[in-house]
Every structure is written in structure tokens, then in C-alpha cells.
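Letter by letter, the chains look like this.
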Protein chains: 2
Amino acid sequence: MNFSSKLLENAVAEFAKLPGVGQKTALRLVLHLLNQDKPDVERFSAAMTKLRNEIQHCEVCHNISDSKVCEICAAHKRDRTLVCVVEDTRDVMAIENTNQYNGIYHVLGGLISPMDGIGPADLTIDSLVERVKADEIKEVIFALSATMEGDTTIFYLHKRLKDSAVTISTIARGIAFGGELEYVDEITLGRSITTRVPYEHSLSR
Amino acid sequence: MNFSSKLLENAVAEFAKLPGVGQKTALRLVLHLLNQDKPDVERFSAAMTKLRNEIQHCEVCHNISDSKVCEICAAHKRDRTLVCVVEDTRDVMAIENTNQYNGIYHVLGGLISPMDGIGPADLTIDSLVERVKADEIKEVIFALSATMEGDTTIFYLHKRLKDSAVTISTIARGIAFGGELEYVDEITLGRSITTRVPYEHSLSR
């Protein structure tokens, strides 16, 4: 692209580094910012820098946090015997949005993926094992993606935790609500038959 | 969404103000930035602030520029008798990318749109009339979108310029290269028949 301004070119190049943002989208976004008032653009920039410089990770669950211990870990009404293991903060947000869970979390910071060079040592797995040993935890729920990496991670975590006294469970896999049977893949459908639940049980939310 | 951090929530809110960026996309982009090194995020933020604070508009053609007169207006090899009137800097870039145009530009900064409250006074139309009066301009080419707003703007500009000595033209409208005839809308197809060109002429690029 022929930019009429180095400043513009530079800003577009920075935006185009973001995932899923190409040159054209970047240009559109940058021109939008250019049409905003100076304080608005300052606020936009400051929000990013402040986030990056001041963000912390909760000492207990490793979730993104503004303080040393995150709001969820610090909350009194949470059930501290129940720990949900997730990949990252987005999963915490997704589960929080369901309003179905009252336990606490453990954020791994990724999944084991030899292809991407991510091993157990790159994740907060040792910290989870420590928590299970030290804390009053009774059950650990794995809420990881139903992918190769998710399954590998669950397999490894299970090996590390199986000698402790905690109950280990994973979130249910099956047909999504609103899903039509004929479009469900065979593996999911097959599994949802073998892991069928009593009808009365399926009604309780 | 339940954010575990105010800093994160704030950064996502700023990103979500951009056109076409929703909460989920904003979160994805912000988490990506959060995974970058601090200097990278500083550079991203600085590029936006610097752009907004230091950008100028060319005194001659009103295009976005790093200096008082943009590179195109300052270039010696450009044909100063030919002025292409466009809506914004993106159109200048698009035309420059064709490598077919050697004249100079005039950036209106928008199109006349009563629906959006944009009248002739909000655009650089007076400046264009001044240029046509004062300069050595021989031809003005309208390269505006083929929309209601584009046509309205051309109509108004033509009224303002028709008493001057310049030739007024608009870019050709018709079937795009690679376009299949059966999918072209009737208006475009009809117009492309009435404004047909000699075959030899259509071969020259």
C-alpha cells in the first residue's frame, strides 16, 4: 500500500500485528481513531499501556487480576473445596457468565502442546498440585477444550493428581442445547450415548 | 461479561469502540496485546497517540500528511494540470496503487450527505473552487463512490465549477474486470451499454 504519511503507515503496521487484522482492516480502524478527539485517542492508548504495565496474576489461581489475590479467590461466599481448572481467563469469564458455578478456579495459562513447544513446566501445573496438597480442596473439575491438547493436558493432570484424596471430574461432553441430532458428529453422539444420564438428573439445573 | 480485572475491562471497552469490533473480538485482541512484551505494547500505544497528535493535512490537497505539503503535491514529476477529486485518503491510496494516474489530488474529507448532517461547508469544496480559479488546472476528475451521496456531491461540485474553464470528467462506470455479465445489476449494465467505448480505446491501458 502507498501511504501518504509515515505516521499513518506506522500506526497501520502496529494494528496489523493483531490477530485477524489485515492491512485494510487496520487502515479502517486507524482512520477511525484519527477522526476521534485527541483525549479519546490518548485514553485508548493509555488503557493498553496501563493494562500491560499494571496487570497482575492472582497468587492463588493465576487468573488476570488487579490485585495480588483476585476477586474470586478473595470472595467469602465461594466454595473453596471446589476448584475448576481452565486454560485461560476467557474460560473463567465464560463459566462465570453461566452463574452455575460457585467454586474457585485454577488458570493453567495454556494447554500442553508439544507441537507449539508448550510442556507441563510452562503451565501452572506445579502450583495446582501444591494447592491440592495444601488446601481444603475436595474436588477438581477439568474444564478444558475437547481438543487433542485439552485431552493431553487432562491426561497429564490426572496422572499428577490421582494419588491425592481429591475427586477428579471433567465437564460433560455431549450435544449442545439447541443442537440438531443429524448434524452432530459421530464421536460426540457416540460418547453422549455411552455417558447418558438419568432423565430426572438431566432436568436439574 | 464478568471481567476479573478493571484494567482488562477498561482496555476491552476502549477496543470495542472501534467500528466492527465487538466485545468478544476486543477481548481477543486485548489478551493478545497482554501476551506481548511491554515495549511492544508501548510502541503500539505510542504509534496511535503520535499519529493523532502529529498528523497534518496537506495545505494544497487536504490529504493526510506528515508535512505541510504532502509528498504527492510536492513531487516535481506530477502533472499539475490534472486534479482528481476523492472522498478521503483511502481513495488516494487506492488510485495510487493502480499506477495509472500521474496527476494530483483534492481530498474532500467526506461526501455531501443531508441524512448525516454533512453539507458542502463541512467539506473542502471552497478550497477546490479556489484551486481551480488560481492554479494551472486544466481538468478535474471526479472519482467518488457510485452512491446517492457521491452523485449528490458530483452534482453540487459540477454546479460550482461549470463556469470555470476546466474540463470536468468522472471515472468510468461499468462492468468490473472479471465480472460475469449475468450477475451485473441492470443499472450498471444499462449504463455500460449507453456509455460504450470504441473497442480500440478499451484496449489501451
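Residues numbered from 1 in each chain as written. Chains lettered and ligands numbered in written order. Predicted model: local features only at pLDDT ≥ 70, side-chain atom pairs only at ≥ 80, totals over all residues. Heavy atoms only, no water.

Note the cut-off: UniProt positions are given in the numbering used here, feature names are shortened, and annotations may be inferred rather than shown by experiment.
As recorded by an unreviewed UniProt entry, chain A carries the name Recombination protein RecR and is attributed to Mucilaginibacter boryungensis. Check the Sequence similarities (unreviewed entry) section of the UniProt entry for chain A; it says "Belongs to the RecR family." The Function (unreviewed entry) field of the UniProt record for chain A holds the comment "May play a role in DNA repair. It seems to be involved in an RecBC-independent recombinational process of DNA repair. It may act with RecF and RecO."

Brief notes about the confidence of the model for chain A
This is how it is decided: A score from 0 to 100, pLDDT tells how confident the predictor is in each residue. Helix and strand labels come from DSSP, where a helix needs a run of H or I of at least four residues and a strand needs a run of E of at least two; each type is numbered from the N terminus.
For chain A, the mean per-residue pLDDT works out to 89, and 98% of the residues sit at or above 70. Of all secondary-structure elements in chain A, the lowest mean pLDDT belongs to helix α9 (residues 199–203) of chain A, at 72, while strand β4 (residues 103–107) of chain A reaches the highest, 94.

What about the UniProt feature "zinc finger region: C4-type" (unreviewed entry) in chain A?
Residues annotated by UniProt as "zinc finger region: C4-type" (unreviewed entry) correspond here to residues 58–73 of chain A. Each end of residues 58–73 of chain A is marked by a C-alpha atom, and these two atoms are 8 Å apart; helix forms 19% of the span and strand 12%.

Observations regarding the relation of the copies chain A and chain B
The line we're drawing: A residue counts toward the fit only if its pLDDT is at least 70 in both copies, and the copies are then superposed by least squares on the C-alpha atoms of those residues.
In the superposition of chain A on chain B (RMSD 0.1 Å, axial shift 0.0 Å), the rotation amounts to 180°. As the rotation angle and translation indicate, the two copies are arranged about a two-fold axis. When each C-alpha of chain A is compared by its distance to the rotation axis, Ser45(A) comes out closest, at 2.2 Å.

What about the environment of Thr98(A)?
Residues and elements named next belong to chain A. Counted only if it meets this: Three labels apply to residues, based on accessible area from a 1.4 Å probe with only protein chains included: buried if under 20% of the type maximum, exposed if over 50%, partly exposed otherwise in between. Contacts described as polar in this section are N or O atom pairs within 3.5 Å, which, within protein, must combine one atom able to donate a hydrogen with one able to accept it, while residues neighboring in sequence count only if both atoms come from side chains.
Along the chain, the position of threonine 98 falls in helix α5 (residues 89–98). Since its relative accessible area comes to 40%, threonine 98 is described here as partly exposed. The spatial distance from the C-alpha of threonine 98 to the C-alpha of asparagine 63 is 18 Å, given a sequence separation of 35 residues. A polar side-chain atom of threonine 98 sits 2.5 Å from the main-chain carbonyl oxygen of isoleucine 95.

Here's the deal with the interface of chain A and chain B
The following threshold applies: Any two residues whose heavy atoms approach within 4.5 Å at even a single point are treated as in contact. Buried area counts how much accessible surface, traced with a 1.4 Å probe, disappears from two parts once they are put together, with both parts' losses summed. The term salt bridge refers to a side-chain nitrogen of Lys or Arg lying within 4 Å of a carboxyl oxygen of Asp or Glu. Amino acids outside the nonpolar list (Ala, Val, Leu, Ile, Met, Phe, Trp, Tyr, Cys, Pro) and the charged list (Asp, Glu, Lys, Arg) are all regarded as polar, and Gly is one of them.
Contacts between chain A and chain B engage 51 residues on the former and 51 residues on the latter. Note on chain A versus chain B: buried area summed over both sides is about 5,200 Å², and carbon and sulfur give 66% of it. For the chain A face of the interface with chain B, the top three residues by lost area are Leu7(A), Arg52(A) and Met93(A), together amounting to 14%. Remark: the boundary between chain A and chain B carries two salt bridges. One salt bridge connects Glu14(B) with Arg43(A), and the closest N-O pair in it is separated by 3.5 Å. Looking at the side of chain A that touches chain B, the elements that each hand over two or more residues are α1 (6–16), α2 (23–34), α3 (38–54), β2 (64–65) and α5 of chain A. Of the residues that constitute the side of chain A that touches chain B, the class distribution is 23 nonpolar, 13 polar and 15 charged.

Thoughts on the side chain of Ser192(A)
Its place among the elements puts Ser192(A) in helix α8 (residues 186–194). Given the relative accessible area of 19%, Ser192(A) is considered buried.

Some words on the packing of α3(A) against helix α3 (residues 38–54) of chain B
Threshold: Structural elements are reduced to axes, namely lines fitted to C-alpha atoms, with helices fitted over the stretch in contact, and the angle between N-to-C directions of any two is expressed from 0 to 180 degrees. What sets the label is the angle itself: under 35 degrees gives roughly parallel, over 145 gives roughly antiparallel, 65 to 115 gives roughly perpendicular, and the rest give oblique.
Across the interface, α3(A) lies against α3(B) with an axial gap of 9 Å and an inter-helix angle of 175°. Between α3(A) and α3(B), the angle falls in the class roughly antiparallel. Across the interface between the two elements, Lys38(A), Val41(A), Glu42(A), Phe44(A), Ser45(A), Met48(A), Thr49(A), Arg52(A) and Asn53(A) of α3(A) pack against Lys38(B), Val41(B), Glu42(B), Phe44(B), Ser45(B), Met48(B), Thr49(B), Arg52(B) and Asn53(B) of α3(B). Each residue belonging to the contact of α3(A) with α3(B) can be placed in one class, and the counts come to six nonpolar, six polar and six charged.

Observations concerning the nonpolar core
Rules: Here, the term nonpolar core denotes a set of buried Ala, Val, Leu, Ile, Met, Phe, Trp, Tyr and Cys residues that are joined through side-chain atoms within 4.5 Å.
Counting 46 residues, the largest nonpolar core has Phe15(A) and Phe15(B) as its most contacted members. If you list the elements that add at least two residues to this core, you get α1, α2 and α3 of chain A together with α1 (6–16), α2 (23–34) and α3 of chain B. If we skip the residues at most four places from it in the chain, Phe15(A) touches Val21(A), Ala26(A), Leu29(A), Val30(A), Leu33(A), Phe44(A), Phe15(B), Leu18(B), Phe44(B) and Met48(B).

A short note on α2(A)
Going by this rule: Helix span is expected to be 1.5 Å times the residue number reduced by one.
With twelve residues, α2(A) should cover 16 Å at 1.5 Å per step; its first-to-last C-alpha distance of 16 Å lies within 8% of that length. Among the residues of α2(A), those classed as buried are Ala26(A), Leu27(A), Leu29(A), Val30(A), Leu31(A), Leu33(A) and Leu34(A). Its buried side turned inward, α2(A) meets α1 and α3 of chain A together with α3, β2 (64–65) and α5 (89–98) of chain B.

Describing the sheet that holds strand β6 (residues 167–170) of chain B
All names here are of chain B. Filter applied, for reference: Following DSSP output, two strands are said to pair if at least two bridges run between them.
The sheet built from four strands is open, its strands ordered β4-β3-β5-β6 with parallel pairing. Among the strands making up the open sheet, the edge pair consists of β4 (103–107) and β6. Each neighbouring strand pair of the sheet contributes to a mean axis angle of 25°, computed without reference to strand direction. By the bridge criterion, four bridges tie strand β5 (residues 139–142) to β6 in an arrangement that is parallel. Residue pairing across strands places phenylalanine 142 opposite threonine 170, the latter belonging to β6. Most of the contacts of helix α7 (residues 148–161) go to β5, to which it runs at about 165°, and overall it touches β3 (79–86), β5 and β6.

A closer look at the UniProt feature "domain: Toprim" (unreviewed entry) in chain A
Per the UniProt record, "domain: Toprim" (unreviewed entry) is found at residues 81–176 of chain A. Between the C-alpha atoms that bound residues 81–176 of chain A the distance is 28 Å, and the span itself is 35% helix and 20% strand.

Here we look at the sheet that holds strand β5 (residues 139–142) of chain A
All names here are of chain A. In spatial order, the strands read β4-β3-β5-β6; together these four strands make up an open sheet with parallel pairing. Each edge of the sheet is formed by a strand with only one pairing partner; in this case those strands are β4 and β6 (167–170). Averaged over all pairs of adjacent strands, the angle between their axes in this sheet comes to 25°, without regard to strand direction. As judged from the five bridges shared by strand β3 (residues 79–86) and β4, these two strands associate in the parallel manner. Its bridge partner lying in β4, aspartate 79 is registered against glycine 103. Contacts from α5 reach β3 and β4, with the element oriented near 160° to β4.

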